[in-house]
Amino acid sequence: AGVWAWFRLGQTYPRRASLLVAVMALGALASIYFPSNVLAYYYAFLAPFAVLLAVPFYDLRQRAGWFGAGLLAAALVVIGNFPAAIAGGRADEAQFHTLVERIKAGGPGRSLYVFSGPTATYTATGTNPQTKYPFPFHSAEYFEQGSLGRPQEEIVAEFLARKPMFVLTRSDTSLYYGSYTAPTVLAEMRAHYREAGRYLILGDGLILWQRRP
């Protein structure tokens, strides 16, 4: 819409500035697609330049700009759906608090392995992952194989060798499709762990497993 307005309504700022913003937008777009996989939040890199490129569409110095600004404000309210977002955030916080309290109930000797789920669980429960590879995606998702310079299987084996008191995995095992390490972890859960709780956090169904005595 901003590019259309730039041609139809005239330049809002100097041509050189417009060119700079356009080039940086293309650079941001290229950086989004540079990795082997693209996740939705990668587009945050593009947002500032998209906003600047769209300036002619909502430039309030022109009558048409008021229409564009009103349209964008209305779209924000509808798409944002803020009441639902606030309610969802509170539900996530409640689920996370319940998860944390359940792990803390394991006592001072508790240990944790987050195979899937929020990495913040380590800090919130006072457990130390004892590794420089704490982020679950890096050792659970098939498209992350090789991203750390070490095989995922080695990292997972190190976690499991410590026999953690608690392990956090996804409840929907189909989401592990193609994973090099999920079969090993799930087999370990069935052999030596029992289900201690189920949680829904940020749309991700999770199972907390507790090691059998």
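The shown structure was predicted, so the numbers you read here are calculated from the model rather than taken from an experiment. (Residues numbered from 1 in each chain as written. Predicted model: local features only at pLDDT ≥ 70, side-chain atom pairs only at ≥ 80, totals over all residues. Heavy atoms only, no water.)

Asks: What should I look at first to understand the overall build of the protein in this one?
Replies: A tally of helices and strands in the protein yields nine helices and four strands. If you list the helices and strands of the protein from N to C, you get α-α-α-α-α-β-α-α-α-β-α-β-β. Taking 17 Å as the expected radius of gyration for a compact globule of 213 residues, we find that the protein reaches 23 Å, considerably beyond that expectation. Taken over 213 residues, the protein has a buried fraction of 33%. If you take every contact in the protein between residues at least 6 apart in sequence, the share linking residues at least 24 apart comes to 57%. In the structure as shown, the protein presents an accessible area of about 12,900 Å², 65% of it carried by carbon and sulfur atoms. Taking the average location of the 19 positive side-chain charges in the protein and that of its 13 negative ones, the two points are 5 Å from each other. (Helix = DSSP H or I, 4+ residues; strand = E, 2+ residues; numbered from the N terminus. Rg over C-alpha atoms; globule rule 2.2 N^0.38 Å. Buried < 20%, exposed > 50% of the residue type's maximum accessible area, 1.4 Å probe, protein only. Contact = heavy atoms within 4.5 Å. Areas by Shrake-Rupley, 256 points an atom, 1.4 Å probe, with all protein chains shown as cover. Lys, Arg positive; Asp, Glu negative; His and termini not counted. Charge placed at Lys NZ, Arg CZ, Asp CG, Glu CD.)

Asks: Sorry if this is basic, but what is going on with the environment of Gly197 here?
Replies: When you line up the elements, Gly197 lands in strand 3 (residues 193–201). Gly197 sits in the buried class, given a relative accessible area of 14%. The residues contacting Gly197, other than those within four sequence positions of it, are Leu206, Ile207 and Leu208.

Asks: It is not clear to me how the pairing of strand 4 (residues 204–211) should be interpreted in this structure. Could you clarify?
Replies: If a strand is regular, its side chains alternate between the two faces of the sheet. In terms of burial, strand 4 is a largely internal element, seven of the eight residues being buried. Pairing geometry for strand 2 (residues 166–170) and strand 4, over five bridges, is antiparallel. The residue of strand 4 that forms the bridge with Thr169 is Ile207. Inspection of the sheet shows strand 3 paired to strand 4 by eight bridges, in the antiparallel sense. Along strand 4, the bridge assignment pairs Leu200 with Gly205. The hairpin turn running from strand 3 into strand 4, its antiparallel successor, is two residues long, and Leu202 in that turn takes a positive phi close to 55°. (Pairing = 2+ DSSP bridges.)

Asks: How do you make sense of the sheet that holds strand 4 when you look at a structure like this?
Replies: The pairing of strands in a sheet happens through backbone hydrogen bonds and is either parallel or antiparallel. Reading across the sheet, the four strands line up as 1-2-4-3 and stay open at both edges, with mixed pairing between neighbours. Of all strands in the sheet, those bounded by a partner on one side alone are strand 1 (112–114) and strand 3. Neighbour to neighbour, the strand axes of the sheet diverge by 20° on average, direction disregarded. Against the sheet, helix 9 (residues 182–192) makes contact with strand 2, strand 3 and strand 4, and its axis sits at roughly 125° relative to strand 3, the strand it touches most. (Axes fitted to C-alpha atoms, helices over the stretch in contact; angles between N-to-C directions.)

Asks: How should the pattern of salt bridges be read in this particular structure?
Replies: Proximity of charged atoms lets side chains of opposite charge pair with each other. Under the criterion given, the structure shown has seven salt bridges. A salt bridge links Arg150 to Glu154, with the nearest nitrogen and oxygen atoms 3.1 Å apart. A salt bridge links Glu188 to Arg211; the nearest nitrogen and oxygen atoms lie 3.8 Å apart. Taken together, the residues span a long stretch of sequence, with Glu188 in helix 9 and Arg211 in strand 4 at a distance of 23 residues. For Arg211, a relative accessible area of 22% translates into the label partly exposed. Within the structure, one salt-bridge network assembled from shared partners comprises Glu141, Arg170 and Asp204. (Salt bridge = Lys/Arg side-chain N within 4 Å of Asp/Glu carboxyl O.)

Asks: Mind showing me how you'd approach the packing of aromatic side chains here?
Replies: Pairs of aromatic rings are described using the distance from one ring centre to the other and the angle between the two planes. Within this structure, the stated rule accounts for six aromatic pairs. A centroid spacing of 5.1 Å and a plane angle of 85° characterise the contact between Tyr41 and Tyr42, whose relative ring orientation is edge-to-face. Exposure remark for Tyr41: the relative accessible area of 60% places this residue in the exposed category. Aromatic side chains Tyr113 and Phe115 sit 6.0 Å apart centroid to centroid with 65° between the ring planes, which places their arrangement in the edge-to-face category. Each member of the pair Tyr113 and Phe115 is classed as buried. Members of the aromatic cluster, joined through ring pairs, are Tyr113, Phe115, Phe159 and Tyr176. Residue placement shows Arg162 over the ring face of Phe159; its charged tip is 5.3 Å from the ring centre. (Phe/Tyr/Trp six-rings, centres within 6.5 Å; stacked < 30°, edge-to-face > 60°. Lys NZ or Arg CZ within 6 Å of the ring centre and 35° of its normal.)

Asks: Teacher, can you tell me more about helix 4 (residues 63–80) here?
Replies: In an α-helix there are 3.6 residues to a turn, and that puts residues three or four apart on one side. The first and last C-alpha atoms of helix 4 sit 26 Å apart over 18 residues, in line with the 26 Å expected at 1.5 Å per residue. With its phi angle positive at about 45°, Asn81 sits one or two positions after the end of helix 4. (Expected span 1.5 Å × (residues − 1).)

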